[in-house]
Amino acid sequence: MKVTAEWAEQTFDMYNEKYFQNRLKKPEFVLECDPGYFGYYRPHAVFDKWTRKITRVFSPGTLYLNARYTNRSEKQWTETLLHEMIHMYINTVRKVYPRKDHGREFTELADRLNEEGGWDIGK
C-alpha cells in the first residue's frame, strides 16, 4: 500500500476517537522521514530536563510516515500510525517526555491497544 496524507488523516481521526477519546489534536503529517524508519513523531514542545514534564506545547507536533515503503499492508501502516499516536498521547496529553521512548508508559498503552484491537504495535 502507498500511504497518503488523506489516508493518514482519516485513519488518525478514526483511531483518535476509538482509542484516545479525541484527545489528540491533529498533527502535521509529513510523508517522508529518515531511511530505516517507517515513521516517527516529533513534539513541538519544551520540557524540564530534570522532571521530564512538558512545560509548554506549541502545536500538536509532526507525525512522519515514510511513504517510500510501498510493500507494507494497510494493517502494518495502521500499526505504525498507532505507535506514533501513543508517543503523541504521552507527550501532548500526559505532558511527559520520557527518558525511554518505549518505556513503561508506552508499553502499557501499546499492550492495551494490541489486546483491544488485535494489533501488533511494536515497542
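To keep things clear, this report deals only with the structure shown in the data block. All of these numbers come straight from a predicted model, not from anything done at the bench.

## Quick notes on the pairing of strand β2 (residues 39-47)
Link 1 in the chain: Judged from the 8 bridges that link them, β2 and strand β3 (residues 54-65) form a sheet pairing that is antiparallel. Bridge pairing links Gly 39 to Leu 65 in β3.
Link 2 in the chain: Hairpin connection from β2 to β3: 6 residues lie between these consecutive antiparallel strands, with Arg 52 at a positive phi of about 65°.

## Observations concerning the side chain of Asn 114
Link 1 in the chain: On the secondary structure map, Asn 114 appears in helix α3 (residues 104-117).
Link 2 in the chain: For Asn 114, the residues in contact, after removing those within four places along its chain, are Trp 119, Asp 120, Ile 121 and Lys 123.

## Details of the layout of surface pockets
Link 1 in the chain: Here the largest pocket is characterised by a volume of approximately 470 Å³.
Link 2 in the chain: Residue lining of the largest pocket: 24 residues in total, with Tyr 40, His 83, Glu 84, His 87 and His 102 positioned closest to the centre.
Link 3 in the chain: Elements with a minimum of two residues in the lining of the largest pocket: β2 and α2 (74-92).
Link 4 in the chain: Considering each element in turn, the lining of the largest pocket owes the most residues, 8 residues, to α2.

Basis of the calculations
- Residues numbered from 1 in each chain as written.
- Predicted model: local features only at pLDDT ≥ 70, side-chain atom pairs only at ≥ 80, totals over all residues.
- Heavy atoms only, no water.
- Pairing = 2+ DSSP bridges.
- Helix = DSSP H or I, 4+ residues; strand = E, 2+ residues; numbered from the N terminus.
- Contact = heavy atoms within 4.5 Å.
- 1 Å grid on protein atoms, 1.4 Å probe; cavity = no way out; pocket = protein on both sides within 12 Å on 5 of 7 lines; lining within 4 Å.
- Points joined across faces, edges and corners; volume = space filled by probe spheres on them.

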